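Residues per chain are reported as follows:
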Amino acid sequence: MRIIIEENYNALSRKAAAIIAREITVKPTAVLGLATGSTPLGVYEELIKMHKKEGLDFSGVRTFNLDEYYGLNPEHPESYHTFMFKNFFEKVNVKRGNVSIPDGMVVDVDQFCTDYEKHIRDGGGIDLQLLGIGRDGHIGFNEPGSSLASRTRLKTLTEETVRDNARFFGRKGQVPHFAITMGVGTILEAKKLLMLASGENKAEAVRNAIEGPVSSQVTASALQLHPKVSVILDGPAASLLKRRDYYAYVEKMASQVQAEVET
Ligand code: GLP
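Notes on the structure follow. None of these values were measured; they are calculated from a predicted model.

Some points on the packing of helix α2 (residues 41-54) against helix α3 (residues 80-87)
In helix packing, the relevant descriptors are the interaxial angle and the interaxial distance, both defined with respect to the helix axes. At a closest axis distance of 10 Å, the pairing of α2 and α3 adopts a crossing angle of 35°. Residues Leu41, Tyr44 and Ile48 of α2 touch α3, and the partners they reach there are Phe83, Met84 and Asn87.

Rendered as structure tokens:
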């Protein structure tokens, strides 16, 4: 695992956007796994800037979102569909037909989930999956207890997640209690993973995910099983890591080696 600790949220967003931009530049038909939540907003803003100012081209890019609330219309102001279009897709040149987000209104959920997985496979698999982390250590909506081999399916949200998300809905009663989410097993099949966390309220989840045991109680800990993971944190999110000095040292050494290669 590569652990990158940035000074603040803006630096974290720039770093993550640079990693995604490199992926697209090297492979213009890259398949991106995308995430919602407040954490990746800065990354989307940076990518939009790169598209507008530097011509970063999304025309060949295919995207799959991690999750969607179950029971919300795509047009609902708090659906992840709306989030993605408003904050990203409408502002870059991703083709509408290249975008996939779970459908929160689907009736045959099992069939939909099987098809979603098939679309990912047919698209060649996800090259780079962007992830946030919930305060209970979840990725996507894989709440504690989700099997580390789980696939795309319907999940019941925990009370804590419902409470955390209430800030977007105005009232707790309006927050959906279910979501369709890629499973942990689905996420682990992406070729590369990029997880972001910002703020002190994520510090415990980050510590458990990176330095705790691999456990279905903290589904982000499954990232320890993946060979190509980068985690980008700001100082407060990294504050409970025991080995934070070592991670910073590794990054410093890596950039020195890189500088030597380039001179
Ligand atoms: C939701 C999403 C996750 C996200 C998490 C944290 O549960 N399904 O993908 O990582 O919220 O969101 P935030 O970045 O707003 O803290």
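Considering the site of the ligand
Taken together, Gly37, Ser38, Thr39, Asp67, Tyr80, Gly132, Ile133, His138, Gly140, Phe141, Arg167 and Lys202 make up the full set of residues adjacent to the ligand. Here an oxygen atom of the ligand sits 2.7 Å away from a polar atom, N or O, in the side chain of Ser38. A distance of 2.4 Å is found between an oxygen atom of the ligand and a side-chain nitrogen or oxygen belonging to Thr39. Out of a free accessible area of 390 Å², the ligand has 93% covered by protein chains.

What about the pairing of strand β2 (residues 31-34)?
Here is the key point about a regular strand: its side chains alternate between the two faces of the sheet. Burial along β2 is two-sided: the face carrying Val31 and Gly33 and the face carrying Leu32 and Leu34 are both buried. As judged from the 4 bridges shared by β2 and strand β3 (residues 62-65), these two strands associate in the parallel manner. Note that in β3 the partner of Val31 across the bridge is Arg62. The pairing of β2 with strand β6 (residues 128-131) spans 2 bridges and is classified as parallel.

Here's the deal with the sheet that holds strand β1 (residues 2-6)
An order of β1-β10-β9-β6-β2-β3-β5 is seen for the 7 strands of this open sheet, with the pairing classed as parallel. The open sheet has two edge strands with one neighbour each: β1 and β5 (99-100). Judged from the 4 bridges that link them, β6 and strand β9 (residues 192-197) form a sheet pairing that is parallel. Bridge assignment links Gln129 to a residue of β9, and that residue is Leu193.

A word on the nonpolar core
By size, the foremost hydrophobic cluster in this structure holds 68 residues, and its most contacted members are Ile20, Leu47, Phe58, Phe88, Phe89, Leu194 and Leu233. Not counting the four nearest positions on each side in its chain, Phe58 is found in contact with Ile24, Leu47, His51, Phe88, Val92, Asn93 and Val94. Counting residues in each nonpolar core, the second largest holds 10 residues, with Tyr69, Val162, Val175 and Ala179 among its members.

Reading the values: the criteria
Residues numbered from 1 in each chain as written. Predicted model: local features only at pLDDT ≥ 70, side-chain atom pairs only at ≥ 80, totals over all residues. Heavy atoms only, no water. Axes fitted to C-alpha atoms, helices over the stretch in contact; angles between N-to-C directions. Helix = DSSP H or I, 4+ residues; strand = E, 2+ residues; numbered from the N terminus. Contact = heavy atoms within 4.5 Å. Near = heavy atom within 4 Å. Polar contact = N/O pair within 3.5 Å; in protein donor to acceptor, adjacent residues only side chain to side chain. Areas by Shrake-Rupley, 256 points an atom, 1.4 Å probe, with all protein chains shown as cover. Buried < 20%, exposed > 50% of the residue type's maximum accessible area, 1.4 Å probe, protein only. Pairing = 2+ DSSP bridges. Core = buried A, V, L, I, M, F, W, Y, C linked by side-chain atoms within 4.5 Å.

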